Amino acid sequence: MKTLVTGGAGQVGSQLIPYLCELGNEVVVFDLAAAPTTLPEGVRWVQGDITDAQAVSSAVAGAGPEVIFHLAAILSAKGEQDPHRTYRVNLGGTYNILEAARTNGVRQVMYASTIAVFGPGLPEPVQNEVSLRPTTMYGVTKVAGELLGEYYQSRRGLEFRGVRFPGLVNAGVPGGGTTDYALWMYVDAVRHGRYECFVEASSRLPMMYLDDGLRAMVELSQAPRERLKRCIYNIVAISPSAGDFADAVRKRVPGAEITFVPDPARQKILDSWPHEVDDSAARSEWDWRHEYDLERMSDAIMERVPALIEQLGR
Ligand code: AKB
C-alpha cells in the first residue's frame, strides 16, 4: 500500500517509517527537515513546510497515497515558547493535510492526537468522550484537529481515525514534549551517571513504549469500519510516576544519581493532564492491547541507549 508520513523526522515518524516498510508499504515522507543520511530502501523524502497548502497539496498529489499518517506537530513544552507557530503548524497543517487528502482522493487520514487534549479536573480514569478543555496551545490545536477530522469524515467522505497518545518513550531523540524527562533519565544516567529531572518525583502520567504506539496506529488504520463507533480513541499502557522511572533506571544503572528540580512551566503543563485514562473503547472496538510494561520498556530502552548516545555525542 502507498502511504505518506508527515513529520517523518520526528520521534514517532522516524520509527514509523521503517515499521511501515517492514509491513510491505511504499512510503513517501513529507517533512521540513532534510532527509537523514540513512533511510530504509525505497523511501522517498519530500522536503516541505506543512503550513504551505500548495506544497502539501503537490506532495500528496505526487505521492498518490491511499493512507496518510499525519504526525507533523509541535509538542507541548516547545509549543508554549511559540504559540503562534504552534497554531499554524498543528492546526493549519492538519487543515492542509485534510484538504489535500480530500482533493486527491486519499482514502484515509490517520491522526496522532494526545492526552494533552484533556484539561484539569476531569474524573479519572478519563473516559473517551469528555469535555476537552486543554490549557496549552498544543492541546487546543489537537482538540481542534480531532474535530476538523471528524468534520471531514462526516461531511467530506474522508476516512479519519486517530489515537490519543500518552507520553511516548523510546530511545529516539524526543522533540520538545513535557514527557521527555523519561528518556533523558535513562540516557543521562548512562552517559553522565546523573540526571536532574524537571518535574516532581510524584508526577504521574500515562506513558507508553513507542513500539506499542506504532502498532496501535497501524492496527487502528486496518480495523474494519463496521466495528468502529468513533474516530478518536484513548489508548494507554502504564501510568508510572517520575520516581518510578528513576527506580527503574537505578536498577539498571547502579549508583545513578537522579534528582528532582521542577521547572514551573513544564510542571504546570504536566499537572493539567490526567494520571489515568480509560481506553476500553479501543480495547473492545479494535482489540487494542499494550505489550510493554515499565520493566520491559526499560530493558528495551537500555539496549538502545548506547547507540543513541553515539548519535547525540557525549
Ligand atoms: C508532550 O509531552 O507534549 C507529548 C504528549 C503527551 O503529547 N509527549
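All values reported here derive from a predicted model rather than from experimental measurement.

**Here's the deal with the nonpolar core**
Core analysis: the largest hydrophobic core is formed by 81 residues, its most contacted members being Tyr181, Met185, Tyr186, Ile235, Phe245, Trp286 and Met297. Residue assignment places this core across two domains, with domain 1 (2–167 + 210–234) and domain 2 (169–205 + 237–275 + 293–312) each supplying three or more. Non-local contacts of Tyr181, meaning those with residues more than four positions away in its chain, are made with Tyr195, Cys197, Phe198, Val199, Ser203, Leu205, Met207, Ala242, Phe245 and Leu270. One finds Leu4, Ala101, Leu158 and Ile232 within the second-largest nonpolar core, a separate group that totals 25 residues.

**Description of the site of the ligand**
Taken together, the residues surrounding the ligand are Leu75, Ser76, Thr114, Tyr138, Gly177, Thr178, Thr179 and Trp273. Note that an oxygen atom of the ligand is positioned 2.7 Å from one of the side-chain N or O atoms of Thr114. Thr178 places a main-chain nitrogen or oxygen 2.7 Å from an oxygen atom of the ligand. About the coverage of the ligand: the protein hides 94% of its 250 Å² of free accessible area. Looking at the shell around the ligand, its residues break down into 3 nonpolar, 5 polar and no charged. Taken domain by domain, the shell around the ligand gets at least three of its residues from each of domain 1 (2–167 + 210–234) and domain 2 (169–205 + 237–275 + 293–312).

**Some thoughts on the pattern of salt bridges**
Scanning the entire structure with this criterion turns up 20 salt bridges. A salt bridge links Arg250 to Asp247, with the shortest nitrogen-to-oxygen separation between them at 3.0 Å. With Arg250 and Asp247 both in helix H8 (residues 242–252), this residue pair falls 3 residues apart, about one helical turn. The exposure class assigned to Arg250 is partly exposed, which follows from its relative accessible area of 31%. A relative accessible area of 46% places Asp247 in the partly exposed class.

**Side note on the sheet that holds strand E10 (residues 232–234)**
On the basis of which strands lie adjacent, the open sheet formed by 7 strands has the order E3-E2-E1-E4-E5-E6-E10 and parallel pairing. Each having just a single partner strand, strand E3 (44–47) and E10 make up the two edges of the open sheet. For this sheet, the mean angle separating the axes of adjacent strands, direction not counted, is 20°. As paired elements, strand E1 (residues 2–6) and strand E4 (residues 67–70) share 4 bridges and run parallel to each other. In the strand pairing of E4, Thr3 is matched with Val67. The strands touched by helix H1 (residues 13–22) are E1, strand E2 (26–31), E3 and E4; relative to E2, the strand with the most contacts, the crossing angle is about 165°.

Reading the values: the criteria
Residues numbered from 1 in each chain as written. Predicted model: local features only at pLDDT ≥ 70, side-chain atom pairs only at ≥ 80, totals over all residues. Heavy atoms only, no water. Core = buried A, V, L, I, M, F, W, Y, C linked by side-chain atoms within 4.5 Å. Buried < 20%, exposed > 50% of the residue type's maximum accessible area, 1.4 Å probe, protein only. Domains from an automatic or database assignment. Contact = heavy atoms within 4.5 Å. Near = heavy atom within 4 Å. Polar contact = N/O pair within 3.5 Å; in protein donor to acceptor, adjacent residues only side chain to side chain. Areas by Shrake-Rupley, 256 points an atom, 1.4 Å probe, with all protein chains shown as cover. Nonpolar A, V, L, I, M, F, W, Y, C, P; charged D, E, K, R; others polar. Salt bridge = Lys/Arg side-chain N within 4 Å of Asp/Glu carboxyl O. Helix = DSSP H or I, 4+ residues; strand = E, 2+ residues; numbered from the N terminus. Pairing = 2+ DSSP bridges. Axes fitted to C-alpha atoms, helices over the stretch in contact; angles between N-to-C directions.

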